[in-house]
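Single-letter residue listing:
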Amino acid sequence: MFEIDKLEAGEWFNFGAPEIASRKLRAATLAQEFNAISENQPERQEYLCWR
């Protein structure tokens, strides 16, 4: 079983595994992008949420 499968199943997984680190980096990047969007741009916020 891959570490990403364990993560999604709610089981113990290796946080340092490459596929987990990649997902964590993507989440952090998207969070930074989202936080940089003005509150006056809800359509941009929504777009980013579904990207």
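Fair warning: this is a prediction, and the values are worked out from it, not measured in the lab.

Conventions and cut-offs
Residues numbered from 1 in each chain as written. Predicted model: local features only at pLDDT ≥ 70, side-chain atom pairs only at ≥ 80, totals over all residues. Heavy atoms only, no water. Helix = DSSP H or I, 4+ residues; strand = E, 2+ residues; numbered from the N terminus. Rg over C-alpha atoms; globule rule 2.2 N^0.38 Å. Buried < 20%, exposed > 50% of the residue type's maximum accessible area, 1.4 Å probe, protein only. Contact = heavy atoms within 4.5 Å. Areas by Shrake-Rupley, 256 points an atom, 1.4 Å probe, with all protein chains shown as cover. Lys, Arg positive; Asp, Glu negative; His and termini not counted. Charge placed at Lys NZ, Arg CZ, Asp CG, Glu CD.

Asker: Which parts of the structure should I look at to understand the overall build of the chain?
Answerer: Summing up its helical and strand segments, the chain has 3 helices and 0 strands in all. What you see in the chain, going N to C, is helices and strands ordered as α-α-α. Here the chain has a C-alpha radius of gyration of 14 Å; the compact-globule value for 51 residues is 10 Å, and the former is much larger. C-alpha atoms of the chain, sized along the principal axes, occupy 45 × 15 × 15 Å. Across the 51 residues that make up the chain, the buried fraction comes to 16%. Sequence-distant contacts, at least 24 apart, represent 3% of the contacts inside the chain between residues at least 6 apart. Entry remark: accessible area of the chain is about 4,400 Å², with carbon and sulfur atoms responsible for 57%. Across the chain, the centroid of the 6 positively charged side chains sits 5 Å from that of the 9 negatively charged ones.

Asker: Got a minute to help me understand the environment of Ile 37 in this structure?
Answerer: Tracing the backbone through its elements, the reader meets Ile 37 in the loop between α2 (18–35) and α3 (42–49). Sequence separation between Ile 37 and Leu 48 is 11 residues; the distance between their C-alpha atoms is 9.6 Å. Sequence-distant contacts of Ile 37, that is, excluding residues within four places in its chain, are made with Arg 44, Gln 45 and Leu 48.

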